[in-house]
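# Architecture and fold: a report
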Amino acid sequence: MVLDWGAKPAAQATPVEAGKLTPVYVDGRLIAFTDKPEDLIAFLKEKRPEISPEVNFTYNREEDAVYINADAGRMRRPLIPVDKIEEAIKLLPEIEAGNISFSDLVRMGIVELLDVDEEEYAVIAYSLSELNEKHTHLDFTPYAMFGVAASQIPYAEHNNIPRDIIGANMVRQGLGEYVANWRLRFDSRAFLMFYPQRPIVRTRGSEITGYDYRPSGQNLVVALIPMDGYNMDDALVMSRGAIDRGAARAVFFRTYETEAKRQAIIEGDRFENPLPLKKVSGKKEEQYYQKLGEDGIVDPETYVEGGDVLIGKTSPPRFSPELSIGGGYQYTFERRDTSISMRAWERGVVTDVLLATKTGGEKLVRVKVRDTRPPELGDKFATRHGQKGVLGMIYRQEDMPFTSDGIVPDIVLDPHAIPSRMTIGQLYEILAGKVGALEGRFIDGTPFMSEPVEDLMEALKKLGFEYSGEEIMYDGRTGRMIKAPIFIGISYYQRLKHMVRDKIHARARGQMQLLTRQPVEGRARGGGLRLGEMEGEVLISHGAASVIRDRYVEQSDKTIVYVCKNCGTIAFFNQRTNEFFCPRCQSSVEVKPLITSHASKLFVDELMSGHVDVRLDVREEV
Ligand SMILES: [Zn+2]
């Protein structure tokens, strides 16, 4: 169509023309040149009904290029072109009656879908009242600018934008009922909240996205008080009573899975308890096999913890040599233990065991383990306003502060968490939540079109409360009045998936890397906690030489190398003659023992492998 209109095909253009004319790209491929890009766009726009609403065209003035996009996977945004607004208003009753669908509107050209290229040159109005002659498009509603996660945030327009972004990111991490058929599924990892609630302060976005029907949080009573320092620096104090009543309680599922592979000539994998079998190599200690049933698989409702074997399995011997611990190769003729065990730091109760046969005939076993997770110190929580924090202390209900009505907060937040974040929306939500709970209704907190906060404050006053949301509170331990009015209300809190139980880690001794002889990395392998470059610098600045030596050498990759006194190369120990042999001097030599890190020795070796001569200048100690 572009060529029919009169653009010059790319193959026919001379280099001079190519330099002067505007290139036309279709899905990123150069197909033609034109000298009238604006006219081409106007022509294509006119022909849009004939082409497809799926195609977007842009003349990029900065690059002087025409882009025509028709490929899949482009993010596009529905908008009403200004010249179609009147038509759209006329159709409103029809749309409301359900006679015209959204795709009808797209087909009629009343709704245009702009891709990122086209959006760049659109001037979008958010309401009819602000519309002027510069605008090219009108959005349906102001909150349409938000995505799925961001549209859950009530009073978002009152927040500092970075906080809304943080809040939107954490809405995705909140625990809830992630699917309705979780009971039947074998997800490799899954969290489920016990009592998710619809937020009292809701948005139209939460209705449209279906969040109201699958929420991921609870409406909790919050008070803003510094609590003995246990909620400083974004920590959170929670009431034991609230936790015991089921607040933020969740369960964690993990599926362990393995299949019995079949082999051509010999017998393949077998599900069985390897413990009583004599000719099986690589078995663990006896205690780990105690939970297995007759069939070599754990029974449902068995308590299991770190290291316990869940699925007993043996595999045929490998007919290839294996590197043995003492050095040299070794052939194994015994069957091997290839059982699946619990992860080292986890625990739980077996919920489901699935036995199945795959289409190829391989047997498959899946074991789902559940672990109930009541909130514990260090677990992460967040509101929808990016006010995140970890649980710093759990107070007994009777030690928590209370109001004259006897209301005890579920969560106590430090007021210092508010001013620097400028999350005014959070304060509005607490206030609105309070009104909603007292009046027994949901409050609309949709950004740009929410219930005015002034009305909510007025409502609080009518309900017999302070219009500011503040109340006089009493210390639970002493019974004394707190000498300041306390801001208390209800906020929607999410329990996030990051829990201490999954992150806690310590190491004394453990696995070492083969190459560097330093501790291995990672929690799953029981790895070391790295004392990095920056931490080392701190120790240097304190002059803590012994600590540095202990961390970097003694507790890490300490080695002794024997350096030839003659020439300074690293000598070998000859066990037969009980002497040191220098590869450079080609004779037995006197050596000087040198304590270093194995990494240094490795570095010397690597330099030598790169044809760099390395001599160590060792002298007698002073
Ligand atoms: Zn030598």
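Residues numbered from 1 in each chain as written. Predicted model: local features only at pLDDT ≥ 70, side-chain atom pairs only at ≥ 80, totals over all residues. Heavy atoms only, no water.

### Observations regarding the sheet that holds strand 10 (residues 189-193)
An order of 10-14-25-24-17 is seen for the five strands of this open sheet, with the pairing classed as antiparallel. Of all the strands in the sheet, just strand 10 and strand 17 (303-305) have a single pairing partner and so form its edges. Between one strand and the next, the sheet's axes are offset by a mean angle of 35 degrees, whatever the strand orientation. Note: strand 10 against strand 14 (residues 250-260), five bridges, orientation antiparallel. In the sheet register, Leu192 faces strand 14, and the bridge partner there is Val251. (Pairing = 2+ DSSP bridges. Helix = DSSP H or I, 4+ residues; strand = E, 2+ residues; numbered from the N terminus. Axes fitted to C-alpha atoms, helices over the stretch in contact; angles between N-to-C directions.)

### Considering the pattern of salt bridges
What the rule picks out here adds up to 44 salt bridges. The salt bridge partner of Arg198 is Asp212, with a shortest N-O separation of 3.5 Å. Taken together, the residues span a long stretch of sequence, with Arg198 in the loop between strand 10 and strand 11 (201-202) and Asp212 in the loop between helix 8 (204-208) and strand 12 (218-224) at a distance of 14 residues. Arg202 is the partner of Asp212 in a salt bridge, and the nearest nitrogen-oxygen pair spans 3.2 Å. Here Arg202 lies in strand 11 and Asp212 lies in the loop between helix 8 and strand 12, a separation of 10 residues in the sequence. (Salt bridge = Lys/Arg side-chain N within 4 Å of Asp/Glu carboxyl O.)

### Some thoughts on the packing of aromatic side chains
Taken as a whole, this structure holds 11 aromatic pairs when the rule is applied. Their ring planes at 15 degrees and their centres at 6.5 Å tell us that Phe146 and Phe448 sit as a pair that is stacked. Taken together, the residues Phe146 in the loop between strand 9 (137-138) and helix 7 (161-171) and Phe448 in the loop between strand 30 (443-444) and helix 11 (453-462) connect sequence positions 302 residues apart. Look at Tyr230 and Tyr395: their rings are 6.3 Å apart centre to centre, the planes differ by 70 degrees, and that puts the pair in the edge-to-face class. Of this pair, Tyr230 sits in the loop between strand 12 and strand 13 (235-239) while Tyr395 sits in strand 27 (residues 388-395), and the two are 165 residues apart along the sequence. Here a set of aromatic residues connected by ring pairs shows up, and it is made of Tyr562, Phe573 and Phe580. Between the NZ or CZ atom of Lys368 and the centre of the ring of Phe253, over which it lies, the distance is 4.9 Å. Positioned above the aromatic ring of Tyr467 is the side chain of Lys461, whose terminal nitrogen or guanidinium carbon lies 6.0 Å from the ring centre. (Phe/Tyr/Trp six-rings, centres within 6.5 Å; stacked < 30°, edge-to-face > 60°. Lys NZ or Arg CZ within 6 Å of the ring centre and 35° of its normal.)

### Observations regarding the coordination of the zinc ion
Protein-derived ligands of the zinc ion are Cys564 (SG), Cys567 (SG), Cys582 (SG) and Cys585 (SG), with the metal-ligand distances lying across 2.2 to 2.3 Å. Coordination geometry of the zinc ion: the four donor atoms subtend angles of 103 to 115 degrees at the metal centre, consistent with an arrangement described as tetrahedral. Expressed as a motif, the donor residue spacing for the zinc ion is C-x2-C-x14-C-x2-C. Relative accessible area serves as the criterion here: at 1%, Cys564 is assigned to the buried category. (Donors = N, O, S within 2.8 Å, 3.2 Å for Na, K, Ca; no water. Tetrahedral: all angles 85-135°; square planar, octahedral: opposite > 155°, others 65-115°. Buried < 20%, exposed > 50% of the residue type's maximum accessible area, 1.4 Å probe, protein only.)

### A short note on the nonpolar core
Core analysis: the biggest nonpolar cluster contains 29 residues, and Tyr155, Leu236, Met238, Phe381, Ile411, Ile443 and Tyr493 have the highest contact counts within it. Not counting residues within four places of it along the chain, the set of residues in contact with Phe381 comprises Leu236, Met238, Ala248, Pro375, Gln387, Lys388, Gly389, Leu391, Tyr493, Gln494, Arg495 and Leu496. Ala260, Ile297, Val298 and Val350 belong to the second-largest nonpolar core, a separate cluster that totals 16 residues. (Core = buried A, V, L, I, M, F, W, Y, C linked by side-chain atoms within 4.5 Å. Contact = heavy atoms within 4.5 Å.)

### Comments concerning the sheet that holds strand 1 (residues 8-9)
The strand order across the open sheet built from five strands is 1-3-2-5-4, with neighbouring strands paired in mixed fashion. Bordering the open sheet on either side are strand 1 and strand 4 (56-60), each of which pairs with just one other strand. Relative to strand 3 (residues 29-34), strand 1 runs antiparallel, the two being bridged by two bridges. Within strand 3, the residue paired with Pro9 across the bridge is Ala32. Where helix 3 (residues 37-46) meets the sheet, its contacts fall on strand 2 (22-26), strand 3, strand 4 and strand 5 (65-69), and the angle it forms with strand 4 comes to roughly 165 degrees.

### Thoughts on the packing of helix 10 (residues 424-439) against helix 11
As a packed pair, helix 10 and helix 11 sit with axes 10 Å apart at the nearest point and diverge in direction by 45 degrees. The orientation of helix 10 with respect to helix 11, classified from their angle, is oblique. Judged by the twist between their axes, the crossing of helix 10 over helix 11 is left-handed. In this structure, helix 10 contributes Tyr428, Leu431, Ala432, Lys434, Val435, Leu438 and Glu439 to the contact, and helix 11 contributes Val453, Leu456, Met457, Ala459 and Leu460. (Parallel < 35°, antiparallel > 145°, perpendicular 65-115°, else oblique. Left-handed = near helix turned anticlockwise from the far one by under 90°.)

### A short note on the environment of Phe603
As for its placement among the helices and strands, Phe603 is situated in helix 15 (residues 598-609). The spacing of Phe603 and Leu438 is 165 residues in sequence and 71 Å in space, taken between C-alpha atoms.

### Here's the deal with the packing of helix 13 (residues 533-541) against helix 14 (residues 545-557)
Packing of helix 13 against helix 14 leaves a shortest axis separation of 9 Å and a crossing angle of 155 degrees. It follows from the interaxial angle that helix 13 and helix 14 lie roughly antiparallel. Between helix 13 and helix 14 the crossing geometry is left-handed. Packed against helix 13, whose contacting residues are Glu533, Gly536, Leu539 and Ile540, the element helix 14 presents Val547, Ile548 and Tyr552 at the interface.

### Some details on the domain arrangement of the protein
Domain annotation of the protein identifies domain 1 (2-145), domain 2 (152-179 + 196-249 + 377-495), domain 3 (251-373) and domain 4 (506-622). When each unit is reduced to the centre of its C-alpha atoms, the spacing between domain 3 and domain 4 is 39 Å. (Domains from an automatic or database assignment.)

### Some details on a positive patch on the surface
A surface patch of like charges, here positive, comprises Arg172, Arg189, Arg343, Lys497 and Lys503. For Arg172, the position within the fold is in the loop between helix 7 and strand 10. On the basis of relative accessible area, Arg172 is assigned to the exposed category, the value being 59%. (Patch = residues over 30% accessible without salt bridge, like charges linked within 9 Å, V, L, I, M, F, W, Y side chains within 5 Å. Areas by Shrake-Rupley, 256 points an atom, 1.4 Å probe, with all protein chains shown as cover. Lys, Arg positive; Asp, Glu negative; His and termini not counted. Charge placed at Lys NZ, Arg CZ, Asp CG, Glu CD.)

### Thoughts on the pairing of strand 13
Counting buried positions over the five residues of strand 13 gives five, a clear majority of the element. Here strand 13 shows no split at all, with Ala235, Val237 and Ser239 on one side and Leu236 and Met238 on the other all buried. The pairing of strand 13 with strand 27 spans five bridges and is parallel. Across the sheet, residue Ala235 finds its bridge partner in strand 27, namely Val390. Pairing of strand 13 with strand 29 (residues 411-413), which is carried by three bridges, proceeds in the antiparallel orientation. The residue bridging Leu236 from the neighbouring strand is Leu413, located in strand 29.

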